[in-house]
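Reading the structure
Letter by letter, the chains look like this.
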Amino acid sequence: MAQRHRTRSNNPEHGQRRLERRILTGTVEAVPAYPATSRPGLDSKIFIALKAVDNLIRDMRIGIDLPSDIADGENALRSYLLHLSVLVDVVLADIGMSALNRNDLMVRIKLRMLVEYAAKAAYFDDHRDYALWMMTIGEARQTLRKLRDADSDIEMINAASQRLADLRTRFPQLSHFERPEKIGDMIRLYGTADDAVWLYNAPSALMHGDPEGFRAMMDLAPEGGYQLRIELPLEEVNAMLVDAGRNTLMFCDRFIGCFRAGDNTLVRRYKDLYKSFLDLLLTHPAGRDADALEVVRREFEML
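So, here's what we can say about the structure. (Residues numbered from 1 in each chain as written. Predicted model: local features only at pLDDT ≥ 70, side-chain atom pairs only at ≥ 80, totals over all residues. Heavy atoms only, no water.)

Time to look at the overall build of the chain. When you go through the chain residue by residue, the secondary structure sums to 10 helices and two strands. When the helices and strands of the chain are placed in sequence order, the string is α-α-α-α-α-α-α-β-β-α-α-α. A total of 303 residues make up the chain; the buried ones form 49% of that total. A separation of at least 24 residues holds for 73% of the contacts in the chain among residues at least 6 apart in sequence. Just so you have it, the chain exposes about 14600 Å², and 52% of that area is on carbon and sulfur atoms. (Helix = DSSP H or I, 4+ residues; strand = E, 2+ residues; numbered from the N terminus. Buried < 20%, exposed > 50% of the residue type's maximum accessible area, 1.4 Å probe, protein only. Contact = heavy atoms within 4.5 Å. Areas by Shrake-Rupley, 256 points an atom, 1.4 Å probe, with all protein chains shown as cover.)

Encoded structure:
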């Protein structure tokens, strides 16, 4: 499968983090973080940084409860981000284990999940009316559709239909929304069309078992023909792990801004981690455009 590597610049003053690409070269270190499990060539510094991000996710949720009612865009966003934080948490923790166990195709698939979560968090944050529609009318429509598709009990279908009607009556200002936004469009908003294809669409083809995705599982054999593979080049695996951390931090930026903007300790931890991943990016420059790396280097020196 085609690979394109390009760094996107991040302006810390804007608070808008770009979706990250695959980039890095490996080291000759064995990762010490998991007992009896190591893989020479994975960069242990990446795993230490990922563990710190994982700790940040769990700490930033402490003491936060779900809104009792989704009555406006603010509560819709808070409810959505809190639910999404659980998915971000478990995927981030699991992506490292996939890498250690040489299940590199799963690393690629799980990175796609983190890209989606980061883009959705940013989009819902920037479009509160859409967040409200998705968490009320949109969710009710999807539930009703699934009940009908499953040929569920008529009483369940009628109840779901009535709930949808009630929500439309409650939120008439949302009537202009007709369908959920496409995730590819969200990714393009915070990245590029290139990102939407290679960070989301291509891994999706692999995940869904589409014939197009099979190319990611094949190498050209020395004697001709193709052979299947699960492992990827170590520099690519390290790159995807760094991208996992960077996209998770994009989510954390939105979460902290929504729930904990006044918590100086959490904000400082986030900023320190953001800078750490910039350092990792610069330490492993393989596949990066030289001009883009210079932009990142200048940003790093400003922080």
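Okay, the nonpolar core next. Counting 87 residues, the largest nonpolar core has L81 and L241 as the members making the most contacts within it. Beyond its immediate sequence surroundings of up to four residues, L241 is in contact with L42, I46, F47, L50, I95, G96, A99 and V107. (Core = buried A, V, L, I, M, F, W, Y, C linked by side-chain atoms within 4.5 Å.)

Taking 1.5 Å as the rise per residue, helix α9 (residues 264-283) with 20 residues should run 28 Å; its terminal C-alpha atoms sit 28 Å apart, in good agreement. For α9, the set of buried residues is L266, Y270, L273, Y274, F277, L278, L280, L281 and L282. Buried residues along α9 sit against α1 (44-60), α8 (234-259) and α10 (290-302). (Expected span 1.5 Å × (residues − 1).)

Moving on: the packing of α9 against α10. The geometry of α9 relative to α10 is characterised by a closest axis approach of 10 Å and an angle of 145 degrees between their N-to-C directions. Of the two possible hands of crossing, α9 and α10 adopt the one that is left-handed. Contact with α9, carried on its side by Y274, K275, L278, D279, L281 and L282, involves L293, V296, R297, E299 and F300 of α10 and no other residues of that element. Residues belonging to the contact of α9 with α10 are distributed by class as follows: seven nonpolar, no polar and four charged. (Axes fitted to C-alpha atoms, helices over the stretch in contact; angles between N-to-C directions. Left-handed = near helix turned anticlockwise from the far one by under 90°. Nonpolar A, V, L, I, M, F, W, Y, C, P; charged D, E, K, R; others polar.)

Structural measurements only, silent on function.
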